Amino acid sequence: ERGIKILCDEIMCGLGRHGQGTLFLSEAWDLDPDCVTFGKAIGGGAFPLSGAILKSGRNVLGGQGRSVMQSHTFAGSSARALMTGTEVLKEITEYIPSIIKLGEEMKVITDYLSSLADGMLSFQGHGLMWGCLFTHNDKHKEEGARSRAITTFRKHCENLGVIPYFVPVGGFMVTPCYDTDVGTIYDIGEKLEEAIKLTMKDIEWKTQEPVAADATSTMATTPLPKTILANSKPVAEAETPVDIALCNKTLHSTRSCTTCSTFVCPVRRQRFLRTSIA
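Residues numbered from 1 in each chain as written. Predicted model: local features only at pLDDT ≥ 70, side-chain atom pairs only at ≥ 80, totals over all residues. Heavy atoms only, no water.

K.L.:
Please clarify how the packing of helix α5 (residues 182–202) against helix α7 (residues 266–273) should be interpreted in this entry.
P.N.:
How two helices sit against one another is set out by the angle between their axes and by the gap between those axes. Contact geometry for α5 and α7: axes closest at 11 Å, N-to-C directions at 50 degrees. The orientation of α5 with respect to α7, classified from their angle, is oblique. In the crossing of α5 with α7, the sense of the turn from one axis to the other is left-handed. For the pair formed by α5 and α7, the contact residues are Gly-183, Tyr-186, Asp-187, Gly-189, Glu-190 and Glu-193 on the first element and Arg-268, Arg-269, Arg-271 and Phe-272 on the second. A class-by-class count of the residues in the contact of α5 with α7 yields two nonpolar, two polar and six charged. (Axes fitted to C-alpha atoms, helices over the stretch in contact; angles between N-to-C directions. Helix = DSSP H or I, 4+ residues; strand = E, 2+ residues; numbered from the N terminus. Parallel < 35°, antiparallel > 145°, perpendicular 65-115°, else oblique. Left-handed = near helix turned anticlockwise from the far one by under 90°. Contact = heavy atoms within 4.5 Å. Nonpolar A, V, L, I, M, F, W, Y, C, P; charged D, E, K, R; others polar.)

Here it is in structure tokens:
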């Protein structure tokens, strides 16, 4: 109506990472942009490659001997990058069900971590793209306190072997690879949990005592939902699922089935299903 062009920048959230079941988030949200940009994942992590989808105007650019200049990350593309991008597009749709499932697991984990942090930080996101910001609440209102908390948390993350992507606004991102298995998703969750606990202790963030996650704790002994099998054996000792009907074998190729004990111990997963700290 006003002649304004709409562009959706899906460099970070596109190509299925958003977990809404489509290639681009703008499609899932029923938007109708004039242009969609994409990149990063299209190169398979090996080649610098990005692109844009235009609703119209491509022929005009070509007819005038012009093109859109693409620059950074690391600039430039090669024939091998384009070949890789072609193969990624062929494969990526097969991962969409896994991304949706792992996104559901990430929400379980981040809801629990947000509750555990008791206002120190908060998570938001979907699919395999999650962000966390340290809040300006309570002790963080003191000058320099928020920066100290972030520095402390970062130190503990490095010591624990989990390295989120920290951003200048005062937080970090957690963006697992598409082919990450569900067991690794919970490895990430447990290490972030420990880093949060240690940070809260170091900066003396006042909170309730978290429930110990041992065999006698309420968290560990809460009855398992019907969608989770009560098999507490470690993953390495996993046997045939108790109820094969609950097992989604279509997710086995991407190791994201959570209804059997093949890829993640249900009791381990159960710890995160409790989103409030008693």
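K.L.:
So what exactly am I meant to see when it comes to the pattern of salt bridges here?
P.N.:
Side-chain pairing between opposite charges can occur once the charged atoms of the two side chains come close. The final tally for this structure, using the stated rule, is eleven salt bridges. Measuring nitrogen to oxygen at the nearest pair gives 3.1 Å for the salt bridge that ties Asp-32 to Lys-55. On the criterion of sequence distance, the pair formed by Asp-32 in the loop between α1 (25–28) and β2 (35–39) and Lys-55 in the loop between β3 (50–54) and α2 (58–63) is long-range, its members being 23 residues apart. By relative accessible area, which is 47% here, Lys-55 ends up partly exposed. Notably, a salt bridge pairs Arg-268 with Asp-187, separated by 2.2 Å at the nearest N-O pair. Within this pair, whereas Arg-268 is found in helix α7, its partner Asp-187 is found in helix α5, the two being separated by 81 residues in sequence. Each of the salt bridges in this network shares a partner with another, and the network as a whole consists of Asp-187, Glu-190, Glu-193, Lys-197, Arg-268 and Arg-271. (Salt bridge = Lys/Arg side-chain N within 4 Å of Asp/Glu carboxyl O. Buried < 20%, exposed > 50% of the residue type's maximum accessible area, 1.4 Å probe, protein only.)

K.L.:
It is not clear to me how the side chain of Ser-98 should be interpreted in this structure. Could you clarify?
P.N.:
Assignment of secondary structure puts Ser-98 in helix α3 (residues 79–117). Since its relative accessible area comes to 1%, Ser-98 is described here as buried. Side-chain polar atoms of Ser-98 contact the side chain of Ser-256, separated by 3.2 Å. The contacts of Ser-98, once residues within four sequence positions are left out, are Tyr-178, Leu-251, Thr-254 and Ser-256. (Polar contact = N/O pair within 3.5 Å; in protein donor to acceptor, adjacent residues only side chain to side chain.)

K.L.:
Teacher, can you tell me more about the layout of surface pockets here?
P.N.:
If you roll a probe as big as a water molecule over the atoms, it shows you where there is empty space left. Approximately 670 Å³ is the volume found for the largest pocket. As for the largest pocket, its lining consists of 21 residues, of which Arg-17, Lys-40, Ala-41, Thr-175 and Tyr-178 are closest to the centre. The element contributing the most residues to the lining of the largest pocket is α3, with four residues. For the lining of the largest pocket, the per-class residue count stands at eleven nonpolar, five polar and five charged. (1 Å grid on protein atoms, 1.4 Å probe; cavity = no way out; pocket = protein on both sides within 12 Å on 5 of 7 lines; lining within 4 Å. Points joined across faces, edges and corners; volume = space filled by probe spheres on them.)

K.L.:
I keep staring at the environment of Ile-11 and nothing clicks. Help me out?
P.N.:
Note on placement: Ile-11 falls in the loop between β1 (7–9) and α1. Contacts of Ile-11, omitting those with residues within four sequence positions, involve Thr-37, Phe-38, Gly-39 and Lys-40.

K.L.:
I'm lost on the nonpolar core in this one. Help?
P.N.:
The tendency in soluble globular proteins is for nonpolar side chains to be buried side by side. Counting residues in hydrophobic clusters, the biggest one holds 52 residues, and the most contacted among them are Met-120, Phe-153, Phe-172, Leu-192 and Ile-196. Elements with a minimum of two residues in this core: β2, α3, β4 (121–126), β5 (129–134), α4 (145–160), β7 (171–174) and α5. Not counting chain neighbours up to four residues away, the residues in contact with Phe-172 comprise Phe-123, Trp-130, Gly-131, Cys-132, Phe-134, Phe-153, Pro-164, Tyr-165, Phe-166, Val-167 and Leu-192. (Core = buried A, V, L, I, M, F, W, Y, C linked by side-chain atoms within 4.5 Å.)

K.L.:
Sorry, what's going on with the sheet that holds β4 here?
P.N.:
Hydrogen bonding along the main chain pairs the strands of a sheet, whether they run parallel or antiparallel. The strand order across the open sheet built from four strands is β4-β5-β7-β6, with neighbouring strands paired in antiparallel fashion. Each edge of the open sheet carries a strand with a single partner, namely β4 and β6 (165–167). Ignoring which end each strand starts from, the neighbouring axes of this sheet average 25 degrees apart. Pairing geometry for β4 and β5, over six bridges, is antiparallel. Counterpart to Leu-121 in the pairing with β5 is Phe-134. Seen against the sheet, α3 touches β4, β5 and β7 and runs at an angle of roughly 170 degrees to β4. (Pairing = 2+ DSSP bridges.)

K.L.:
Explain the confidence of the model for the protein chain to me, please; I cannot follow it from the model alone.
P.N.:
Any segment with low pLDDT has predicted coordinates that should not be analysed in fine detail. Taken over all residues, the pLDDT of the protein chain has a mean of 78, while the share at 70 or more is 77%. Across the protein chain, β5 holds the top mean pLDDT of 95, while helix α6 (residues 218–221) sits lowest at 35. Below pLDDT 50 for its whole length, residues 208–244 participates in 68 contacts with residues either more than four positions away or in separate chains. (pLDDT = per-residue confidence, 0-100.)

K.L.:
Teacher, can you tell me more about the sheet that holds β3 here?
P.N.:
Taken in spatial order, the three strands make up an open sheet running β1-β2-β3, and their pairing is mixed. Of all the strands in the sheet, just β1 and β3 have a single pairing partner and so form its edges. Across the sheet, the mean angle from the axis of one strand to that of its neighbour is 15 degrees, orientation sign disregarded. Note that β1 and β2 share three bridges and pair parallel. Bridge pairing in β2 links Asp-9 to Thr-37.

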